[in-house]
Amino acid sequence: MAKIELKGVGHAYNSINGEPNYALHPLDLTWKDGGTYALLGPSGCGKSTMLNIVSGILTPSKGQILVDGRDVTQLGITKRNIAQVFQFPVVYPAKTVYENLAFPLRCAGMERSKIDKRVIEVAELLNLDGILQSRARRLTPDLKQLISLGRGLVRDDVAVILMDEPLTVIDPQLKFSLRRKLRDISARHGHTLVYVTHDQNEAMTLAEQVVVMDNGRVVQMGTPQELFEDPMHEHVGYFIGSPSMNFLNGKVTGGVVSVMDLPVGSLKQAGIADGEGIKVGIRPEFVHIQKSETKASCFAKVVDVQDLGNNAIVSVKLVDETNIKLKLRENAPSIGSTCFIGFEPPMVRYFVDGVAVQ
Ligand code: ADP
Ligand code: MG
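Conventions we followed
- Residues numbered from 1 in each chain as written.
- Chains lettered and ligands numbered in written order.
- Predicted model: local features only at pLDDT ≥ 70, side-chain atom pairs only at ≥ 80, totals over all residues.
- Heavy atoms only, no water.
- Domains from an automatic or database assignment.
- Contact = heavy atoms within 4.5 Å.
- Buried area = accessible area lost by both parts, 1.4 Å probe.
- Salt bridge = Lys/Arg side-chain N within 4 Å of Asp/Glu carboxyl O.
- Pairing = 2+ DSSP bridges.
- Helix = DSSP H or I, 4+ residues; strand = E, 2+ residues; numbered from the N terminus.
- Buried < 20%, exposed > 50% of the residue type's maximum accessible area, 1.4 Å probe, protein only.
- Polar contact = N/O pair within 3.5 Å; in protein donor to acceptor, adjacent residues only side chain to side chain.
- Core = buried A, V, L, I, M, F, W, Y, C linked by side-chain atoms within 4.5 Å.
- Axes fitted to C-alpha atoms, helices over the stretch in contact; angles between N-to-C directions.
- Expected span 1.5 Å × (residues − 1).
- Arc of directions from axis to C-beta.
- Near = heavy atom within 4 Å.
- Areas by Shrake-Rupley, 256 points an atom, 1.4 Å probe, with all protein chains shown as cover.
- Nonpolar A, V, L, I, M, F, W, Y, C, P; charged D, E, K, R; others polar.

Visitor: Hey, could you run me through the domain arrangement of the protein chain in this one?
Guide: It is common to report an interface's size as the accessible area lost on association of the parts. Annotation of the protein chain at the domain level lists domain 1 (4-239) and domain 2 (246-357). A separation of 39 Å is found between the C-alpha centroids of domain 1 and domain 2. The partner domain 2 presents 11 residues to the 11 residues of domain 1 that form the contact. Where domain 1 abuts domain 2, roughly 970 Å² becomes buried across the two surfaces, and 56% of that area is made up of carbon and sulfur atoms. Per-residue buried area on domain 1 facing domain 2 is highest for Phe228, Glu229 and Glu234; these three make up 56% of the total on that side. Between the two partners, domain 1 and domain 2, sit 1 salt bridge.

And the structure:
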């Protein structure tokens, strides 16, 4: 229900030798109306900083935030049509579920009958309608977190929901159902949802678009499939996928890239000189064991096998001691055996200075 634009938005909490020390480097980003997004990256990469700038908890040191084209950069959190849910539930333990949900509306001076109607609507939406008279303190963490969410949703002007690692305190068994509920609610109501997590599975199952962050920068925004198949940055290859993408040292000769003298593909893009350092990236899913030696296969020794039931993660060592992981659906070879491996040519990716090249 609202489009969000970040224009040149950056934030430094402090400076080093008079220069801003950016926790979030200035960036441009657009989140479309009704979209579901995840901000994914390791701890300290600037996810909460970005989210708090959008919600209005933090005023950025640079740039503008537009909500539906309106500049809200200087507006506080209560003046934006945005609700934020935090890592830990924010509820009044002594109050009932009803009173917790009604609180933001009471503060806004809404009429009693209107409050009643809104609270019941939101409680039904979150399946909290059966426990409206229970005291919040007696509830499980996932129910408390739903109340926090309800307190955001109860305002009828909310168009954007921001969530900062909201499932941290939730039991693993409950996480799955709550995650699905969050996705259903945002889809049904058309809210724009931005969800912060450091867990790739959570990001990939919840969001249409995942914003991958590293060290205060957005390295790529894309669908789960785009991030998996076409990482624009080594960090994405490393952070998305389990196990991570394999990275091998490659050599360029007249546009042809080889690994240990084995040609693995050629570059479309000009300007990468012979001898320039290039990394070859290949996901474990696209490395295969070959029945016999071919011109495109590489001799390897199996050093580890993890049997995961429906697939196996096999680690092999090449003659130059490089380690490669394979994800196999078929029977895994035994540890200590030798084999020939090959890469699926269309799935080989190249990186120079961490950035994808073609
Ligand atoms: P994330 O949510 O991805 O874990 P944060 O946005 O919280 O990351 O933090 C990004 C960086 O900014 C980190 O290096 C963190 O230490 C720093 N930082 C966060 N909040 C503050 C603050 N209030 N004052 C100074 N530095 C901060
Ligand atoms: Mg954080």
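Okay, back to it.
Visitor: I would appreciate a short explanation of the sheet that holds strand β2 (residues 19-31) in the present structure.
Guide: Hydrogen bonds between backbone atoms are what pair the strands of a sheet, whose relative direction is either parallel or antiparallel. A sheet is described by the order of its strands in space; here 4 strands give the open sequence β2-β1-β4-β5, paired in antiparallel fashion. Two strands bound the open sheet, and with one partner strand each, they are β2 and β5 (70-71).

Visitor: How should the pairing of strand β20 (residues 349-352) be read in this particular structure?
Guide: Side-chain direction in a regular strand flips from residue to residue, so the side chains alternate between the two faces of the sheet. Burial of β20 is two-sided: the residues Arg349 and Phe351 facing one way and the residues Tyr350 and Val352 facing the other way are all buried. When strand β14 (residues 278-282) meets β20, the two strands line up antiparallel, connected through 3 bridges. Bridge pairing in β20 places lysine 279 opposite phenylalanine 351. The sheet contact formed by β20 and strand β21 (residues 355-357) spans 3 bridges and is antiparallel. Looking across to β21, one finds that phenylalanine 351 is bridged to alanine 356. Counted along the chain from β20 to the antiparallel partner β21, the turn is 2 residues long, and its residue aspartate 353 has a positive phi close to 50°.

Visitor: So what exactly am I meant to see when it comes to the side chain of asparagine 246 here?
Guide: Within the fold, asparagine 246 resides in strand β11 (residues 246-253). At 2.8 Å, the side chain of asparagine 246 forms a polar contact with the backbone nitrogen of lysine 325.

Visitor: What's the story with the nonpolar core in this structure? I'm lost.
Guide: Nonpolar side chains tend to gather and get buried jointly when the protein is soluble and globular. Within the largest apolar cluster, 34 residues are counted, with the highest numbers of intra-cluster contacts made by Val119, Leu126, Ile147, Leu149, Leu153 and Met163. Setting aside its immediate chain neighbours within four residues, leucine 153 contacts Arg118, Val122, Leu125, Leu126, Ile161, Ile185 and His191. Leu262, Val287, Cys298 and Cys339 belong to the second-largest nonpolar core, a separate cluster that totals 31 residues.

Visitor: Help me understand the sheet that holds strand β3 (residues 36-40), please; the structure alone is not making it clear to me.
Guide: Read from one edge of the open sheet, 6 strands run β6-β7-β8-β3-β9-β10, paired in mixed fashion. The sheet is open, and its two edges are formed by β6 (82-85) and β10 (217-222), each paired on a single side. Each adjacent strand pair in this sheet contributes to an overall mean axis angle of 15°, direction not counted. As judged from the 4 bridges shared by β6 and strand β7 (residues 160-164), these two strands associate in the parallel manner. Pairing of glutamine 84 across the sheet is with leucine 162, part of β7.

Visitor: So what exactly am I meant to see when it comes to helix α3 (residues 112-125) here?
Guide: Helical periodicity: at 3.6 residues per turn, an α-helix aligns residues three or four positions apart in one direction. Along its 14 residues, α3 runs 20 Å from first to last C-alpha, staying within 8% of the 20 Å computed at 1.5 Å per residue. Three or more residues of α3 are buried, namely Ile115, Arg118, Val119, Val122, Ala123 and Leu125. Angular distribution of buried residues about the axis of α3 spans 155°; they occupy a single face of the element. Buried residues belonging to α3 abut α2 (97-107), α4 (141-153) and α5 (172-189). Of the residues trailing α3, asparagine 127 is marked for its positive phi of about 60°.

Visitor: What am I meant to see in the site of ligand 1 here?
Guide: Looking at ligand 1, the residues that line it are Tyr13, Ala23, Pro42, Ser43, Gly44, Cys45, Gly46, Lys47, Ser48 and Thr49. At a separation of 3.2 Å, an oxygen atom of ligand 1 approaches a polar backbone atom of cysteine 45. Backbone polar atom of glycine 46 to an oxygen atom of ligand 1: 3.1 Å apart, as the coordinates give it. When ligand 1 sits alone it has 560 Å² of accessible area, and the protein chains cover 55% of it. Per-element tally for the shell around ligand 1: the top contributor is helix α1 (residues 47-55), with 3 residues. Taken together, the residues that form the shell around ligand 1 break down as 4 nonpolar, 5 polar and 1 charged.

Visitor: Help me understand the environment of glutamine 133 in this model?
Guide: When you line up the elements, glutamine 133 lands in the loop between α3 and α4. A relative accessible area of 61% means that glutamine 133 is categorised as exposed. For the pair glutamine 133 and valine 319, spaced 186 residues apart in the sequence, the C-alpha separation amounts to 68 Å. Among all residues touching glutamine 133, those that are not within four sequence positions of it are Thr96 and Tyr98.

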